[in-house]
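Secondary and tertiary structure notes
As a plain string of letters, each chain reads:
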Amino acid sequence: MVDEGPDAELAERFRRGDERALAELYRRWSPVVFTLALRSLGDRGDAEDVTQRTFVSAWTSRASFDARKAKLSTWLMVIARRRIADAHEARARVRAVEEEVLRTTRPDDLVREPPDLADTLLVANEIEQLEPDAQTVVRMAFFDDLTHVEISERLDMPLGTVKSHIRRSLTRMRDRLEVSHVAP
């Protein structure tokens, strides 16, 4: 099917890479592509994105356009429908990831209240009361979030010593904090 007339001339200019032909094609067909995308996707931003992607795809693949097989407008609508389908697939992937996150995350992990400044200062003060090696081990365990093995390797300290420092330090801190919270 060979198209005659002004549309055939526009199609040939477009296929050859004439940017003015692209501008004319965009002016003429972008409202149609946008409306089609908006009706399908229901979101203005997504429809704008699909419209842009449609014309970028058309421009980059213009050499594959064959006026004997379809009108330029038909070819453009096929590209638009593919970009709309891509947008729906992207949404489905995002939903799947969100569902996976919600499925694997405990509600407590999503919402946490910030730590109380007074408690933070109190714990920091109690850590300062520990002996130097114990301070280092406790800081690495709780502030740097290192495992006992990682602390042992970094400090070149036996694993049992690391565990003992943490256990004794926590016991001392708990005992001091319990005493300091007893009403006079």
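Not measured: the values here are computed from a predicted model.

1. A look at the packing of aromatic side chains
All told, the structure shown has 4 aromatic pairs when counted by the stated rule. With a centroid separation of 4.8 Å and an interplanar angle of 70°, the aromatic rings of Tyr 26 and Phe 55 are classed as edge-to-face. Within this pair, whereas Tyr 26 is found in helix α2 (residues 19-41), its partner Phe 55 is found in helix α3 (residues 44-60), the two being separated by 29 residues in sequence. Given the relative accessible area of 40%, Tyr 26 is considered partly exposed. Relative to Trp 75, the ring of Phe 65 lies with its centre 5.3 Å away and its plane at 55°, an arrangement referred to as tilted.

2. So, the pattern of salt bridges
Evaluation of the coordinates by the stated rule reveals 15 salt bridges. Salt-bridge contacts for Arg 15 lead to Glu 12; the nearest nitrogen and oxygen are separated by 2.9 Å. With Arg 15 and Glu 12 both in helix α1 (residues 6-16), this residue pair falls 3 residues apart, about one helical turn. For Glu 12, a relative accessible area of 30% corresponds to the partly exposed category. For the salt bridge of Asp 86 with Arg 83, the shortest nitrogen-to-oxygen distance reads 3.0 Å. A residue pair is termed a helical-turn pair when its members lie 3 or 4 positions apart in one helix, as Asp 86 and Arg 83 do in helix α4 (residues 72-104) at 3 residues. What emerges from the salt-bridge pattern is a single network uniting Asp 7, Glu 9, Arg 13, Asp 18, Arg 20, Glu 24 and Arg 28.

3. A closer look at the nonpolar core
In this structure, Phe 14, Leu 25, Ala 58, Leu 72, Trp 75 and Leu 76 are the most contacted members of the largest nonpolar core, which totals 16 residues. Mapped by element, the contributors of at least two residues to this core are α1, α2, α3 and α4. Looking at this core element by element, the count peaks at 6 residues for α4. Setting aside residues no more than four positions away along its own chain, Trp 75 makes contact with Phe 14, Ala 58, Ser 61, Arg 62, Ser 64 and Phe 65. Counting 8 residues, the second largest nonpolar core, distinct from the first, contains Leu 146, Ile 151, Met 157 and Val 162.

Parameters at a glance
- Residues numbered from 1 in each chain as written.
- Predicted model: local features only at pLDDT ≥ 70, side-chain atom pairs only at ≥ 80, totals over all residues.
- Heavy atoms only, no water.
- Phe/Tyr/Trp six-rings, centres within 6.5 Å; stacked < 30°, edge-to-face > 60°.
- Helix = DSSP H or I, 4+ residues; strand = E, 2+ residues; numbered from the N terminus.
- Buried < 20%, exposed > 50% of the residue type's maximum accessible area, 1.4 Å probe, protein only.
- Salt bridge = Lys/Arg side-chain N within 4 Å of Asp/Glu carboxyl O.
- Core = buried A, V, L, I, M, F, W, Y, C linked by side-chain atoms within 4.5 Å.
- Contact = heavy atoms within 4.5 Å.

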